[in-house]
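The residues making up each chain are set out below.
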Amino acid sequence: MLVASTAISYAEPIKIGVNEPLTGPFAASGTYIVDGAKLAVEEINANGGVLGEKIELVIEDNKSNPTEAASVAEKLIESDKVPVMMGAWGSSLTLAVMPKLMQYGVPMLVETSSSSKITKQGNSYIFRISPPSWVEAELFKKHLPELQIKKVDFLAINNDWGRGTVGDFSKSFTEEGIEVGLTEMMDQGSQDLSAQLSKIKASDSDTIIVTTAVEQLTLVLKQAAALGITKKIITTGGSQNPDQLIEQAGTAANNTTHMVFFAPWAPEKSAHPEKAKTFIDAWEKAGHTKAGLTESYRGYDGIYVIKAAIEKAGVAEPKAIRDAFWNVEVPTLNGTVTFVKDGPEGQESGQYMTNGTLIRIVDGKIILAGS
């Protein structure tokens, strides 16, 4: 007797597009983000996935290039049919992607980019969990008494991230009675910063605010030390990877101060300590360098926020996910994520009001503000 075979049908996994710099000047940071995202997906899938299905990351390299970032976004939407995306690390990269989101009606969770333009220009498909530079400037205010800044110069990467930081911090410092001096810009691929640093050395400022990714920041610190610069150096953006600076810049990293948005050196002080410890343990178990913890958490948090939006939506469809982002309340490594509206009425983007703290490198060790 013939027995009819019964085919077992498995539903397709729910795809999340990942548009990050895996080559080019921002490759180290983008790779950390992706590695953090992968850990989140492993945990989520091991615990039943989302809506009963597994999550699949569709990862594309935007090559640290805005034109490539826009092209990658179109591929993820048109060819890979992703209903939601995470990206794109740099502000210029994210701004290049944003018209594609509007064109195709697909939301993107922004995990890193800080330009205020991202949420101010009117794109209802943008939801950002990283701080815009004006929020970071506000976070700095509570630390101003201990920093004792009287006059500040800026050294910033010449893109939307750097320019936005200079503008927002200058405004904030002026309001607090701090004098703003020189602004020196550097191209993202520049290896020799001696001209800019020499000008800053000759100024009468007491502090340098530096905004760039960790690879270029390492060069800045080494070259500043070689020039005998003794001014306070403070970095913004949370992309410095202090452990990596200690390893690569050596003594040139000593006595520098950095804003971070996740402090893995003291997980017990985080908003959700058990979640922080789980993440740190998983990161170490995967064999990743501890230097990546201060950036990889962004990819980890981003995937959990996207998961919550898909669950709220009840379906993996772009517009439903976009609408659901407004109703999430997600415990993450940085705090509990909810979104407030930012931008023109009727076209608002979502912004999470991020937590942050300062750390200082002293004799090759990391000290948290207030420690």
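In the block above lies the structure referred to throughout.
What you see is a predicted model; the values in this text were computed from it and never measured.

Cut-offs used in this document
Residues numbered from 1 in each chain as written. Predicted model: local features only at pLDDT ≥ 70, side-chain atom pairs only at ≥ 80, totals over all residues. Heavy atoms only, no water. Pairing = 2+ DSSP bridges. Helix = DSSP H or I, 4+ residues; strand = E, 2+ residues; numbered from the N terminus. Right-handed = clockwise from strand over helix to strand, strands pointing away. Buried < 20%, exposed > 50% of the residue type's maximum accessible area, 1.4 Å probe, protein only. Expected span 1.5 Å × (residues − 1). Arc of directions from axis to C-beta. Contact = heavy atoms within 4.5 Å. Polar contact = N/O pair within 3.5 Å; in protein donor to acceptor, adjacent residues only side chain to side chain. Axes fitted to C-alpha atoms, helices over the stretch in contact; angles between N-to-C directions. Left-handed = near helix turned anticlockwise from the far one by under 90°. Nonpolar A, V, L, I, M, F, W, Y, C, P; charged D, E, K, R; others polar. Parallel < 35°, antiparallel > 145°, perpendicular 65-115°, else oblique.

Draft legend 1. Summary view of the pairing of strand 7 (residues 179-186). Two elements, strand 6 (residues 151-157) and strand 7, share six bridges in a ladder whose sense is parallel. Note on strand 7: the bridge partner recorded for Leu155 is Glu184. Crossover handedness for the path strand 6 to helix 7 (residues 160-175) to strand 7: right-handed.

Draft legend 2. Region of the structure containing the pairing of strand 1 (residues 14-20). The element strand 1 is extensively covered by neighbouring structure, given that six of its seven residues are classed as buried. Examined bridge by bridge, strand 1 and strand 2 (residues 55-61) share seven bridges and lie parallel to one another. Counterpart to Asn19 in the pairing with strand 2 is Glu60. Where strand 1 meets strand 3 (residues 85-87), three bridges bridge the pair, whose relative direction is parallel. Considered in strand 3, the bridge of Asn19 is made with Gly87.

Draft legend 3. The arrangement of unusual backbone geometry in detail. Here Gly87 and Ala88 are connected by a cis peptide whose omega angle stands at -5°. Following the sequence through the fold, Ala88 ends up in the loop between strand 3 and helix 3 (91-104). Look at Asn255: it is not a glycine, yet its phi comes out positive at around 70°. Examined against the element boundaries, Asn255 turns out to sit in the loop between helix 10 (242-249) and strand 10 (256-260). In this structure, Asp363 is a non-glycine residue whose phi angle is positive, near 50°. Turning to its location among the elements, Asp363 is positioned in the loop between strand 15 (357-362) and strand 16 (365-368).

Draft legend 4. Broad picture of helix 11 (residues 273-285). With 13 residues, helix 11 extends 18 Å from end C-alpha to end C-alpha; this agrees with the ideal 18 Å at 1.5 Å per step. Listed in full, the buried residues belonging to helix 11 are Lys275, Ala276, Phe279, Ile280, Ala282 and Trp283. For helix 11, the buried positions fall inside an angular range of 165° around the axis, keeping them on one side. Relative to its buried face, helix 11 has exposed residues pointing more than 90 degrees away, namely Glu274 and Lys285. Packing partners of the buried residues in helix 11 comprise helix 1 (27-46), helix 12 (293-313) and strand 11 (330-332). One or two steps after helix 11, the chain reaches Gly287, where phi turns positive at roughly 85°.

Draft legend 5. Quick look at the side chain of Asn19. As for its placement among the helices and strands, Asn19 is situated in strand 1. We classify Asn19 as buried; its relative accessible area is 0%. Of the polar contacts made by the side chain of Asn19, one reaches the side chain of Asn62; its length is 3.0 Å. What Asn19 contacts, discounting residues up to four positions off in sequence, is Glu60, Asn62, Ala69, Val72, Ala73, Leu76, Met85, Met86, Gly87, Ala88 and Val97.

Draft legend 6. Here's a closer look at the packing of helix 5 (residues 133-141) against helix 7. In contact at an axis separation of 8 Å, helix 5 and helix 7 are set at 35° when each is read in the N-to-C sense. The hand of the helix 5/helix 7 crossing is right-handed. Contacts from Ser133, Trp134, Glu136, Ala137, Phe140 and Lys141 in helix 5 reach Gly164, Thr165, Asp168, Phe169, Ser172 and Glu175 in helix 7. When the residues that make up the contact of helix 5 with helix 7 are grouped by side-chain class, the tally is four nonpolar, four polar and four charged.

Draft legend 7. Region of the structure containing the packing of helix 11 against helix 12. Between helix 11 and helix 12, the shortest axis-to-axis distance is 11 Å and the interhelical angle comes to 115°. With respect to each other, helix 11 and helix 12 are oriented roughly perpendicular. For the element pair helix 11 and helix 12, the recorded crossing hand is right-handed. Note on element contacts: helix 12 touches helix 11 through Leu293, Ser296, Tyr297, Tyr300 and Tyr304, opposite Lys275, Thr278, Phe279, Ile280 and Trp283. Looking at the contact of helix 11 with helix 12 residue by residue, the class counts come to seven nonpolar, two polar and one charged.

Draft legend 8. Region of interest: the sheet that holds strand 4 (residues 108-110). Pairing within the open sheet is mixed, and its seven strands lie in the order 2-1-3-4-5-14-13. The strands lining the two open edges of the sheet, one partner per strand, are strand 2 and strand 13 (340-342). Averaged over all neighbouring strand pairs, the angle between strand axes comes to 25°, with direction disregarded. Sheet topology places strand 13 next to strand 14 (residues 349-351); three bridges connect them, and they run antiparallel. By the bridge assignment, Asp342 is partnered in strand 14 with Ser349. Helix 1 contacts strand 1, strand 2 and strand 3 of the sheet and is inclined by roughly 170° relative to strand 2. Contacts from helix 3 reach strand 1, strand 3, strand 4 and strand 5 (126-128) within the one sheet, and its direction differs from that of strand 4 by about 160°.

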